[in-house]
Structure formats: structure tokens, C-alpha cells
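# Understanding the architecture of this molecule
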Amino acid sequence: MSIEARERRQPWILLSPALTAVVLLLIVPLLFIVVYSFWLRSATGADTAGFYLDNWKKVLSDRFYRDILFSTLRIAAITTAACALLGYPAAYFIARSRGNKLILLVLLMLPFWISYIIRTMSWINILGTSGALNSLLLMLGVISEPIQMLYNETTVILGLVHFLLPFMVLNIYVSLEGIDTNLEDAANSLGATRWQSFLQVTLPLSLPGLAAGGLLCFVLGAGTYITPVILGGPRDAMFANLVFEAIIRQLNWPLGSALSLLLLAVLGALVLIYNRYLGMSQLAKGLG
Amino acid sequence: MDNTTRYERLRDRYRNGDISRRKFFGLIGAAGAAYGLQTPFAKYAMAQDVKQVRFDGWGGVVSEAFRKHAFDPFTAKTGITVVDGTFPGGDEYLAQVRASQPGEYNIAHLSGVFDYARYHNFDLTSELNLDNIPNMANVMPALINAFHAVTPDSLSAAPYDYGSTGLAYNRKYISDDEAKEKGAMLLIDDAYKGKIGGWSDWRTRVWYGALQTGQDPNDIQDIEAVWDAVRKHRDLALKYWASGAELMSLLAEEEIYVTEAWSGRVYALQEQGHDIGYYDPPKGFGWQECLFVIKGSPMEACEELLNFMLDKETSIAVAEGQNYPPALDPTKVDLGKKIPTLPAFDPTGTLAGLTFANPEYWNGHEADWSETFSRVQRGY
């Protein structure tokens, strides 16, 4: 075998374990879901195998699913915007701090050591009728009776921001770390104020990190299931909750498969748009 | 039949001269090869190991009672380990079982005859050998007959306990008299807007919707009126709870003042010192729970566990621990002092005072009503 041929094969040999895992654990199950989405649910008993478009017609034409999908995208967008507003100053502070950067990064990673469900449930102890915040306000005499703060869309967004903020901060931080600080100094020496140098130099250069963090927050937020269950009221639901209900509560696996594929398609399209204009390399840096 | 019994029967045939030594070793070798080939890919073989049986239940105080009063003593007596898992609801569990290998799940603490019928429809029923469960003789006939209506010639489960889903209310804000006077209407009382809860289970929501519109839950004539009642409850409710632990937390923390609730969980709250009242409105939701043996399970080990759990001493201890009356017939068995005080307890052993869901009726509407509830819940 020639050296060129060996060099051509080498990456594939090195990639083969990962490719095998992706095919077996992602592609094959996904194909099963695709097949399932064309089956029909029987009222009781096993599903009817075959090629039926009923589930797809229902999912694409029913206003109910469309409304919940838009509501999910809206909540994900609000969450992403909140993460960006809160995350940028934090990332900037970490990137520009001297000496204690490692400690700050460890603190940023600290929430990942605690289960996401536990972190979400902690808001019940903070915002509940007899939670920490109400107790404090009562003790200070600010309120005479507890305020109902839990189980609404705001608390769902709060829980999501709590969950997703570290992803945003990390991505922006990586981007800010890669900016040569001499550029800001150069802008300042040319007469720009600190605010102007930030707006015209630092912020534009850090936008890829902001976009990568935004994509991660949006995709993870739009696919969330547990936060509305724990912190939402009776009406609050996101699209993943509908998938859960179709598959688990209604035992309608074919419809649940079609719903999950629709969500996958919408979020996949978003990733493709991102990749078209910004590329995936920034995302890989943030995750790394 | 489990693998050990199969081997013992083959060995006996060899010793009795029914088969040759060559054939005996040939069959043992073939069995070994088959076992070696299938074990890495199928969990069935693990379940056939009668050193272990898997049991799935409702978690919380119920699972604690089962572990303490039934599983640990059973393991000490027989050497068979009971691995117990939990589920938040019957629907979730059925989805897991459907996606599993035969034998992966063995015994489940299922609720309602409609669950029994659903498992039967999915071809998940087994056939118990009642000769191996002599303690079944003490079980109330009314509970056994309900299962025979689904599987007339066999049983796949042993009835174990029963209870009701009635009204739980905080006595600090709602008196016993008010609860009795308003009944199911308490759940759609504007005066308690934002302090009302409810189970996120479509059956319970529809059942109470039927009561609130003056209809028979097992023969609803005007389902649109029921959905309107469900909508009204949705708009007044703060939270749909999804587990017994969440129910207890919401009531104990006074996030809600009234909800429908599982009788045993309310009793547990009362035992903890919370001033929570409980009232079963007329035609309140009664249910029975069973120990259901899933098709593909090691039957003899499961039957041994069922018999142990139906033993008077075990059954009473578990009932007192989980706060639900046992399936034992109170006219045949002395149930002690605590059990007659439990909510929903029926001293007659006929259960005529409780209204159970008609499995045929409710399972027949499951596809339609479960999906409609999903929409109604979201504001439609």
C-alpha cells in the first residue's frame, strides 16, 4: 500500500470507533423513529405497521401543535436573550480578571456538579409560599402575606436561564480570551473611549462566541422537558412535553415520533443556518 | 418454568434411565451454548435467574413499606433478591414495559382493573398457578372477580390493596362541613382560585369533571360539559401535580388548599401532623391495586413472592406502612386496629361503597380523551 493511500485511510481508521457509535446510537435509533412516524396507533393493543401519512398530516396541519411549537421557540428565544444579557458581563469579567480566573471558571462549572433536576427544584424552596424569599419579605415586613411566585411561565424561563447560563458564559469567555487586548489599547490610543472601544472592537470580535452560546442555549432550551413540569403551571408546556405525553401518557408512539422529528427538523434547520453563516468551529471551541 | 427446574427435570429423566448419558450431556451442552449466545443480547436470561425478581411500584412511603415489611423479609427467607424500581404513573410504566425485553420487568404494583385490561390487550398477561399462592384464599372475592372479567380462565395478578382518590383540603382554610357540602364542586370554586391543585392524569380530571357536571363517571352522556369543567378547574388551579411526593409537598407547604388526592397519602400527611381533611364525594374515584406478574417473568419465584406478600402478617404490615387497606377479606381475617381507621376501608369486604372505573368503558375512550385532555390542559 502506498504512503498516500495509507494516509488517506488513517483518519477513517481513527474515526471508525466514533462513527460506529454515532451510527449505532444515533442514526439507527433515528431511523427507527422515522419508520415509527409512518405507523398508526390502534386504540388498544399493538400499533399498525405500514406507510401512513396520518401522523404527519396531523402534526403539520393542527393548530395546537403549531401554537405549542411557536410558544416553545418564543420561550427559548427569551431565555437565550436573558442568558446573553446576564452572561456577557460575567464572561467579560472573567476574561479580563487577573489572578483569580481559574477560581472563577471553577465557580462557573460548579452547578454542573449538581443534578439539573435538583437545581430546578431548588427554586421551589426559594420562591415557594413558605420559601426563602417570601420568608425574608415577611420577616422584613415588606409583605403581609406570601406572594405567589411559582408555577408560571416566568419561573419556567427563570429555571431555564439558571440551567443554560453557564453554556453562554463559557462560549463568550472563550471568544473574549481569543481577542488581542492590544486592539483595545490601539483603539484607546486613537482617541476612542473605553465604551467606544468595547462597542466597536471587543463586541464585534466576540460576536461568534455570543452566537455559539446563543445557539446552544436556544437548542437546549427549546428541547427541554423537565423545567415546565417542575416549575410550570397547568397550561405551561413546551414541545418536548407534547412528545412525552404522546409517547408515555397516550401510548401513541407513532404520533410522538412524528412530533419529535418535527422538533428535530426545526432545531436542525437552525443549526444549519448557523453553520452556513458562522461555521461550527466556534461552537466546538466553546464546548471544548 | 425457570432454568433450574428445567435442569432438575432433565437430570431426573437421566437418572431414571429415560434418556441416555450421551443425550443428557448433549442437551446440557446445547443449553449452555444457547445461553452463552443469547445472554449478551437479551436481558431475559437475567430475569430467569431466580436469585432475583424485579418489582416496580409507586415510590415514596409505599415503596418504603414494601421494602421494609415484604421484600427484605422475603429475601431473608428465600434468598431471592427483590430489586425494586419506581414509576410516577401507570402510563409511564406501561411505555417502559412495552419497550423492554420479555422478562426484564417482572412484577408491578398496578392500579385499577383498566390497567389490568390494558396489559392484557398488549399481550403482557401471564398465567398464575394459584396452587402456589394458597394465601389468595383470604383475598376479597370482589377484587378477584374484577380481574376474571378480563381474563375469565386465569389470573395474571393478585389483588393487594385498595383506596380512593377523594378530596384533600387544608382545614385551616376549608372546614369539613364546607367540603361535604360542596363535594367535587370545591375543585372549581372561584373562592380558592390559585390555591387549587389536581393530578395531571386525564382519567382523574375527566372523572371529577363528570362529578362536577352531575354525571355518572362510568356513563358520561355530555363529554363537552365535562371538558368545560376541566377547563374551569385548569383556570383556577395553581399546579397539576405529577407524583405522590409532589402532592404531599404542595399540601404541606400550603401552596394549595384543596386538590383531589390519594387517600393513603393524605393519611400519611395527617400522621405527620398536618391538618389536612379528606372526603370521598359521592361516586368518588375508587381503585384497587394489584401485584401484576408480567409475561416472560420467572413464574415460580414470582408466585412465591406473591404468596409471601399476601400472608396475613406481611399484608397487614405493608398496609399499615403504606396507609392503604389490604385486599384481605375483613370478614375472614382480623386486620388489627389501624387498618379500620384508614380512609376508604370497607369492613363488609364487598367494596360496594366504592365506585370503580369500568375498564371497558374507560379503555375504550383512552385514545380520544387522553389526547383531548392534553389540548384542554394547554388552553384549548
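It should be emphasised that the depicted structure is a prediction, and the values quoted were computed from it without experimental measurement.

## What to know about the overall build of chain B
The number of helices and strands found in chain B is 15 helices and ten strands. With the C-alpha coordinates aligned to their principal axes, the bounding extent of chain B is approximately 80 × 45 × 35 Å. Taking all 380 residues of chain B together, 57% fall into the buried category. Carbon and sulfur atoms make up 50% of the accessible area of chain B, which amounts to about 15400 Å² in all. Charged side chains of chain B number 37 positive and 53 negative; the gap between the two group centres comes to 6 Å.

## Considering the UniProt feature "domain: ABC transmembrane type-1" (unreviewed entry) in chain A
Look at the UniProt record and you will see "domain: ABC transmembrane type-1" (unreviewed entry) annotated at residues 69-274 of chain A. Secondary structure across residues 69-274 of chain A divides into 78% helix and 0% strand, with the first and last C-alpha atoms of the span separated by 20 Å.

## A few points about the UniProt feature "transmembrane region" (unreviewed entry) in chain A
Residue and element names in this part refer to chain A. The feature "transmembrane region" (unreviewed entry), as annotated in UniProt, sits at residues 12-39, 68-95, 102-118, 124-143, 155-174, 210-231 and 251-274 in this numbering. A helix fraction of 86% and a strand fraction of 0% characterise residues 210-231, whose end C-alpha atoms lie 27 Å from each other. Helix makes up 92% of residues 251-274 and strand 0%, with an end-to-end C-alpha separation of 35 Å.

## Thoughts on the interface of chain B and chain A
Residue-level contacts link 34 residues of chain B with 36 residues of chain A. Between chain B and chain A, a total of about 3100 Å² is buried, with carbon and sulfur atoms accounting for 49% of that surface. When the area that chain B buries against chain A is broken down by residue, the three leading residues are R98, R378 and Y380 of chain B, summing to 21%. At the boundary of chain B and chain A, one finds six salt bridges.

## Some words on empty space enclosed by the protein
One pass over the structure, following the stated rule, counts seven cavities of 30 Å³ or more. Size it by volume and the largest cavity reaches roughly 360 Å³. Considering only residue class, the lining of the largest cavity consists of ten nonpolar, seven polar and nine charged.

## Here we look at helix α14 (residues 312-322) of chain B
Residue and element names in this part refer to chain B. All buried positions along α14 are accounted for by T314, S315, I316, V318, A319 and Q322. Of the surrounding elements, those touching the buried residues of α14 are α4 (60-78), β3 (107-111), β4 (157-170), α12 (263-271) and α13 (299-310). Just past α14, the residue N323 takes up positive phi, approximately 70°.

## Details of the side chain of R249 of chain A
Summarising the element assignment, R249 of chain A is placed in helix α11 (residues 239-249). A distance of 3.4 Å separates a polar atom in the side chain of R249 of chain A from a polar atom in the side chain of E92 of chain B. Leaving out residues up to four positions away in the same chain, R249 of chain A has contacts with F244 of chain A together with D91, E92, S200 and E366 of chain B.

## Structural notes on unusual backbone geometry
All names here are of chain B. Positioned with a positive phi, K283 is a non-glycine residue whose angle comes to about 60°. Relative to the assigned elements, K283 resides in the loop between β8 (276-279) and β9 (285-293). Since its relative accessible area comes to 41%, K283 is described here as partly exposed. Notably, L351 is not glycine yet its phi reads approximately 60°, a positive angle. Structurally, L351 can be placed in the loop between α14 and β10 (355-356).

## Here's the deal with the pairing of β4 of chain B
Residues and elements named next belong to chain B. Burial within β4 is extensive, with 14 of its 14 residues counted as buried. Bridging between β4 and β9 involves eight bridges; their strand directions are antiparallel. In the sheet register, Y162 faces β9, and the bridge partner there is Q288. Note that β4 and strand β7 (residues 258-262) share five bridges and pair antiparallel.

## Here's the deal with the packing of aromatic side chains
In the structure shown here, the tally under the stated rule is 37 aromatic pairs over all chains. Relative to W362 of chain B, the ring of W207 of chain B lies with its centre 5.7 Å away and its plane at 25°, an arrangement referred to as stacked. Taken together, the positions of W207 of chain B in helix α9 (residues 202-212) and W362 of chain B in helix α15 (residues 359-377) put the pair 155 residues apart, joining distant regions of the chain. Both residues of the pair, W207 of chain B and W362 of chain B, count as buried. The structure contains a cluster of three or more aromatic residues connected by ring pairs, namely W58, F87, Y93, Y105, W199, W241 and W262 of chain B. Its end group placed over the ring of Y277 of chain A, R276 of chain A keeps NZ or CZ at 5.4 Å from the ring centre.

Parameters and conventions
- Residues numbered from 1 in each chain as written.
- Chains lettered and ligands numbered in written order.
- Predicted model: local features only at pLDDT ≥ 70, side-chain atom pairs only at ≥ 80, totals over all residues.
- Heavy atoms only, no water.
- Helix = DSSP H or I, 4+ residues; strand = E, 2+ residues; numbered from the N terminus.
- Buried < 20%, exposed > 50% of the residue type's maximum accessible area, 1.4 Å probe, protein only.
- Areas by Shrake-Rupley, 256 points an atom, 1.4 Å probe, with all protein chains shown as cover.
- Lys, Arg positive; Asp, Glu negative; His and termini not counted.
- Charge placed at Lys NZ, Arg CZ, Asp CG, Glu CD.
- UniProt positions renumbered as here; feature names shortened; annotations may be inferred.
- Contact = heavy atoms within 4.5 Å.
- Buried area = accessible area lost by both parts, 1.4 Å probe.
- Salt bridge = Lys/Arg side-chain N within 4 Å of Asp/Glu carboxyl O.
- 1 Å grid on protein atoms, 1.4 Å probe; cavity = no way out; pocket = protein on both sides within 12 Å on 5 of 7 lines; lining within 4 Å.
- Points joined across faces, edges and corners; volume = space filled by probe spheres on them.
- Nonpolar A, V, L, I, M, F, W, Y, C, P; charged D, E, K, R; others polar.
- Polar contact = N/O pair within 3.5 Å; in protein donor to acceptor, adjacent residues only side chain to side chain.
- Pairing = 2+ DSSP bridges.
- Phe/Tyr/Trp six-rings, centres within 6.5 Å; stacked < 30°, edge-to-face > 60°.
- Lys NZ or Arg CZ within 6 Å of the ring centre and 35° of its normal.

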